[in-house]
Amino acid sequence: MIFQAPILALLLVSALAALVSLWGAVFGVQVLRHWDVASGARTQIRLERTTELVSTLFGAVLLAEIAALLLFVYNADRMAELFVGAMCAVGTLNVDRWGFPALYLKVAVFFAAALWLILDRADRMGRDYPLTRVKYAALLPIAALLVAAGGVELAYFLGLETDVITSCCSKLFTPVNDGLAAEMTGL
């Protein structure tokens, strides 16, 4: 199951995102501790140059994560035919207990990535890097979110078994059941 091309692509993007974000978080701590735009010291110049590299790589990884959300949902829907009782992505995500948490974390990564990309764009448009500290302070929790999302996604894909009978949408989205989906349906 895990050797399907979309699953491998999703896991590769998650692993790459985790590695780049951890590297960016280590650099972000240095920026938060030593950033002084008024200084002309060698350390400041090195930080400014490395900031461009880290921002570019982290932005590219976040764009890949945004696309990965779409691939994750598409793949979950496409895999429904492999599981008894599943007719759509909801049934596929319900096969394993990590399915919906993986989706929720992917959605959280989507919004965090959008926020960081907006901050990065605004910082690059301003003179003298006005939002650099804010941007790298935001990078730290986003890095933790990316690592958690990658771990949960890996747990989900490793736990998929085709001999599991799953519930479909009609059973999950009824107001009688417990859980977030049932609460939203009840509203």
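Report follows, based on the coordinates. Just so it is clear, the model here is predicted, and its values are computed rather than measured.

**Observations regarding the pattern of salt bridges**
- Per the counting criterion, the structure on display carries six salt bridges.
- Of the charged contacts in the structure, one is a salt bridge between Lys106 and Glu153, with a shortest N-O distance of 3.2 Å. Here Lys106 is found in helix 4 (residues 99–125), whereas its partner Glu153 is found in helix 5 (residues 132–158), with 47 residues between them in sequence.
- A relative accessible area of 3% means that Lys106 is categorised as buried.
- Between Arg124 and Asp120 there is a salt bridge, and its shortest N-O distance comes to 3.1 Å. In this pair, Arg124 and Asp120 both sit in helix 4, four residues apart, roughly one turn of the helix.
- Each of the salt bridges in this network shares a partner with another, and the network as a whole consists of Glu52, Asp120, Asp123, Arg124 and Lys135.

**So, the side chain of Glu65**
- Within the secondary structure, Glu65 sits in helix 2 (residues 42–78).
- With a relative accessible area of 4%, Glu65 lands in the buried category.
- Non-local contacts of Glu65, meaning those with residues more than four positions away in its chain, are made with Val13, Ser14, Ala17, Lys106, Val109 and Leu146.

**Brief notes about helix 5**
- Its 27 residues give helix 5 an end-to-end C-alpha distance of 38 Å, which sits within 8% of 39 Å, the value for a rise of 1.5 Å per residue.
- Taken as a whole, helix 5 carries its principal kink of about 25° at Leu140; the proline Pro141 stands between one and four residues after it.

**What to know about the packing of helix 1 (residues 5–34) against helix 5**
- One can describe the packing of helix 1 onto helix 5 by two numbers: an axis separation of 8 Å at closest approach and a directional angle of 150°. In terms of axis orientation, helix 1 runs roughly antiparallel to helix 5. The chirality of how helix 1 crosses helix 5 is left-handed.
- By residue class, the composition of the contact of helix 1 with helix 5 is 20 nonpolar, six polar and two charged.

**Here we look at the environment of Ala5**
- Among the secondary structure elements, Ala5 is positioned in helix 1.
- For Ala5, a relative accessible area of 57% corresponds to the exposed category.
- Once the C-alpha coordinates of Ala5 and Asn75 are considered, the two residues, 70 residues apart in sequence, prove to be 10.0 Å apart.

About the cut-offs
Residues numbered from 1 in each chain as written. Predicted model: local features only at pLDDT ≥ 70, side-chain atom pairs only at ≥ 80, totals over all residues. Heavy atoms only, no water. Salt bridge = Lys/Arg side-chain N within 4 Å of Asp/Glu carboxyl O. Helix = DSSP H or I, 4+ residues; strand = E, 2+ residues; numbered from the N terminus. Buried < 20%, exposed > 50% of the residue type's maximum accessible area, 1.4 Å probe, protein only. Contact = heavy atoms within 4.5 Å. Expected span 1.5 Å × (residues − 1). Bend = angle between axes of the 7 residues up to and from the residue. Axes fitted to C-alpha atoms, helices over the stretch in contact; angles between N-to-C directions. Parallel < 35°, antiparallel > 145°, perpendicular 65-115°, else oblique. Left-handed = near helix turned anticlockwise from the far one by under 90°. Nonpolar A, V, L, I, M, F, W, Y, C, P; charged D, E, K, R; others polar.

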